[in-house]
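Chain and residue survey
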Amino acid sequence: LIIYSGSDVTASEPVQWAVEEFRQALTANGITSSESGSTFAIVVAPVTGSLTKKFGELPSITQAETTALIPGTYNNAPAILVSGIDARGIVYGLLELTERVRLNDNPVTALHLQAPLIETTSNKVRSVARPFLSEIEDKSWFYDRAFWKNYLDTLASARFNRFNFALGFGYDF
């Protein structure tokens, strides 16, 4: 796993979180990751980063939240470039690879791409709402930190970019 260090985008907290999610998925499947990328490399860099030049001419990426997974080589080893113009695009690319590792019987094979994968969305806002309706039924998950971590991680993996937590329903009962 090679992360381009010359960018505020790759140094951002959301990208670092997604990198950690990817590392945890690799570890859970018995795959070790190193910075050398000697047998297979995942390179994380914004489209403007110097590491992207090693993958040849990249498709034009101009829309926010666009993710690009580009197969190629890095230091003479097979590699995938995870790129985008913003942190969300890179996060979505890393989460796509994370899901491939977690859900595939052969996670190493799942990481090998035959063609570039460029995904963008036509919906700028992808939102979900969760209401707190009943103190009896909702208090247990409301105070559960593990629930919130899993729930919000799931929303990020599903590429929701807004979350609305609603209170006050049933206030007069």
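Above: the structure in question.
This structure is a prediction, so every number in the text was calculated from the model and none was measured.

We now examine the pairing of strand S2 (residues 41–44). What you see with S2 is no split at all: Ala 41 and Val 43 on one side and Ile 42 and Val 44 on the other are buried throughout. Sheet topology places strand S1 (residues 2–3) next to S2; 2 bridges connect them, and they run parallel. The residue bridging Ile 2 from the neighbouring strand is Val 43, located in S2. Of the pairings in the sheet, the one linking S2 to strand S4 (residues 77–83) comprises 4 bridges and is parallel in character. Note on S4: the bridge partner recorded for Val 44 is Val 82.

The final tally for this structure, using the stated rule, is 14 aromatic pairs. Centroid distance Phe 142 to Tyr 143: 5.0 Å. Interplanar angle 80°. Geometry classified as edge-to-face. Note on Phe 142: relative accessible area 29%, which makes it partly exposed. The exposure class assigned to Tyr 143 is exposed, which follows from its relative accessible area of 59%. Pairing Phe 142 with Phe 165 gives two aromatic rings, centres 5.7 Å apart and planes at 15°, and the pair type is stacked. Within this pair, whereas Phe 142 is found in helix H5 (residues 135–142), its partner Phe 165 is found in strand S7 (residues 162–166), the two being separated by 23 residues in sequence.

Moving on to the sheet that holds S2. What the 5 strands build is an open sheet, ordered S1-S2-S4-S3-S5; its pairing is mixed. Both edges of this open sheet fall to S1 and strand S5 (117–119), since each of them pairs with a single strand only. Sitting on the sheet, helix H3 (residues 87–103) touches S2, strand S3 (67–74), S4 and S5, and the angle it makes with S4 is about 135°.

Taken as a whole and assessed by the stated rule, the structure comprises 10 salt bridges. Linking Glu 99 and Arg 102 is a salt bridge whose minimum nitrogen-to-oxygen distance equals 3.9 Å. Of the two residues, Glu 99 and Arg 102 are both situated in helix H3; the distance of 3 residues between them amounts to about one turn of the helix. Residue Lys 149 is joined to Asp 153 by a salt bridge in which the shortest nitrogen-to-oxygen separation is 2.7 Å. Here Lys 149 pairs with Asp 153, and both are found in helix H6 (residues 145–157), just 4 residues apart, close to one helical turn. Since its relative accessible area comes to 15%, Asp 153 is described here as buried. Where salt bridges share partners, they join Glu 21, Glu 99, Arg 102, Lys 149 and Asp 153 into one cluster.

Counting residues in hydrophobic clusters, the biggest one holds 21 residues, and the most contacted among them are Phe 22, Ile 42, Val 44, Ile 80, Val 82, Leu 94 and Leu 97. Mapped onto this core, the elements with two or more residues apiece are helix H2 (13–28), S2, S4 and H3. The residues touching Ile 80, leaving out its near neighbours within four places in the chain, are Phe 40, Ala 41, Ile 42, Val 43, Phe 55, Leu 69, Ile 70, Pro 71, Leu 97, Leu 111 and Leu 113. Membership of the second largest hydrophobic core comes to 14 residues, among which are Ile 2, Ala 41, Ala 45 and Leu 58.

What counts and how
- Residues numbered from 1 in each chain as written.
- Predicted model: local features only at pLDDT ≥ 70, side-chain atom pairs only at ≥ 80, totals over all residues.
- Heavy atoms only, no water.
- Buried < 20%, exposed > 50% of the residue type's maximum accessible area, 1.4 Å probe, protein only.
- Helix = DSSP H or I, 4+ residues; strand = E, 2+ residues; numbered from the N terminus.
- Pairing = 2+ DSSP bridges.
- Phe/Tyr/Trp six-rings, centres within 6.5 Å; stacked < 30°, edge-to-face > 60°.
- Contact = heavy atoms within 4.5 Å.
- Axes fitted to C-alpha atoms, helices over the stretch in contact; angles between N-to-C directions.
- Salt bridge = Lys/Arg side-chain N within 4 Å of Asp/Glu carboxyl O.
- Core = buried A, V, L, I, M, F, W, Y, C linked by side-chain atoms within 4.5 Å.

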